[in-house]
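Close look at the chain arrangement
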Amino acid sequence: MRNTKAFKEAVAETLAELARRGVTLTPATVEDTIERNVQAVAAQLGIQVRSAWRYFDAAALADTVAQSVREFEDSSPDVEVGQAPMPPRDNPELALILAGVPDALAQTGGDLYPGST
């Protein structure tokens, strides 16, 4: 199913609709969702998968996915879910690590200030 033109167009349309709604998901997540939905429609209606594409609506799927994402974000007790933990700024270990960054960049040929001479 994933190698068909209809599937690739459905993924592209759904990603575009999600972007319009301010939701960013990986293409693999969208592909899995579309595949599950189209197969579910085919099974429920007792038709072939290729016939189930006529019932696919990228905008409706994007609405549903965006709503689910918003509900998940709203139900999360921690605003910073998915963010790497950062130590406090006055942490001595962090200061020690950050103090070595310019030297490490210089040793490897990196540039802390790109574009400057």
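Predicted, not measured: the structure shown is a model, and the values here were computed from it.

Structural notes on the pattern of salt bridges
The final tally for this structure, using the stated rule, is seven salt bridges. A salt bridge links Glu17 to Arg20, with the nearest nitrogen and oxygen atoms 2.8 Å apart. Of this pair, Glu17 and Arg20 both sit in helix α1 (residues 5–20), separated by three residues, roughly a single helical turn. Owing to a relative accessible area of 18%, Glu17 belongs among the buried residues under this scheme. By relative accessible area, which is 61% here, Arg20 ends up exposed.

Regarding the environment of Val41
Mapped onto the elements of the fold, Val41 is located in helix α2 (residues 27–45). With near-sequence residues (within four places) excluded, Val41 lies in contact with Ala52 and Tyr55.

Focus: α2
With 19 residues, α2 extends 27 Å from end C-alpha to end C-alpha; this agrees with the ideal 27 Å at 1.5 Å per step. Where α2 is buried, its residues meet α1, α3 (49–52) and α4 (58–75). Trailing α2 by a residue or two, Gly46 shows a phi angle of about 70°, which is positive.

As for the confidence of the model for the protein
Averaged over every residue, the pLDDT of the protein is 82; the share at 70 or more is 76%. Of all secondary-structure elements in the protein, the lowest mean pLDDT belongs to helix α6 (residues 101–108), at 68, while α2 reaches the highest, 92.

Thoughts on α4
With 18 residues, α4 should cover 26 Å at 1.5 Å per step; its first-to-last C-alpha distance of 26 Å lies within 8% of that length. If you check which residues of α4 are buried, you get Ala58, Leu61, Ala62, Val65 and Ala66. One face of α4 carries all of its buried residues, which in axial projection span an arc of 130°. Opposite the packed face of α4, turned more than 90 degrees from it, sit the exposed residues Asp74 and Ser75. Looking at the buried residues of α4, the elements they touch are α1 and α2. Capping of α4 at its N-terminal end is provided by Asp57; its side-chain oxygen lies 3.2 Å from the backbone amide nitrogen of Ala59.

Overview of the packing of α1 against α2
One way to put it is that α1 packs onto α2 with a least axis distance of 10 Å and a crossing angle of 120°. Relative to α2, the crossing made by α1 is right-handed. Touching Phe7, Ala10, Val11, Thr14, Leu15 and Leu18 of α1 are Pro27, Val30, Glu31, Ile34 and Glu35, all from α2. Its residues assigned to classes, the contact of α1 with α2 shows eight nonpolar, one polar and two charged.

Brief notes about the packing of aromatic side chains
For the structure shown, the criterion picks out two aromatic pairs. Ring geometry for Phe7 against Trp53: centres 6.2 Å apart, planes inclined by 80°, an arrangement best described as edge-to-face. Within this pair, whereas Phe7 is found in helix α1, its partner Trp53 is found in the loop between α3 and α4, the two being separated by 46 residues in sequence. Each member of the pair, Phe7 as well as Trp53, carries the same accessibility label: buried. A ring pair is formed by Trp53 and Phe56, whose centres lie 5.7 Å apart and whose planes are at 65°; its orientation type is edge-to-face. Residue Trp53 is classed as buried on the basis of its relative accessible area of 16%. Ring pairs connect the aromatic residues Phe7, Trp53 and Phe56, which therefore count as one cluster.

Definitions and limits used
Residues numbered from 1 in each chain as written. Predicted model: local features only at pLDDT ≥ 70, side-chain atom pairs only at ≥ 80, totals over all residues. Heavy atoms only, no water. Salt bridge = Lys/Arg side-chain N within 4 Å of Asp/Glu carboxyl O. Helix = DSSP H or I, 4+ residues; strand = E, 2+ residues; numbered from the N terminus. Buried < 20%, exposed > 50% of the residue type's maximum accessible area, 1.4 Å probe, protein only. Contact = heavy atoms within 4.5 Å. Expected span 1.5 Å × (residues − 1). pLDDT = per-residue confidence, 0-100. Arc of directions from axis to C-beta. Polar contact = N/O pair within 3.5 Å; in protein donor to acceptor, adjacent residues only side chain to side chain. Axes fitted to C-alpha atoms, helices over the stretch in contact; angles between N-to-C directions. Left-handed = near helix turned anticlockwise from the far one by under 90°. Nonpolar A, V, L, I, M, F, W, Y, C, P; charged D, E, K, R; others polar. Phe/Tyr/Trp six-rings, centres within 6.5 Å; stacked < 30°, edge-to-face > 60°.

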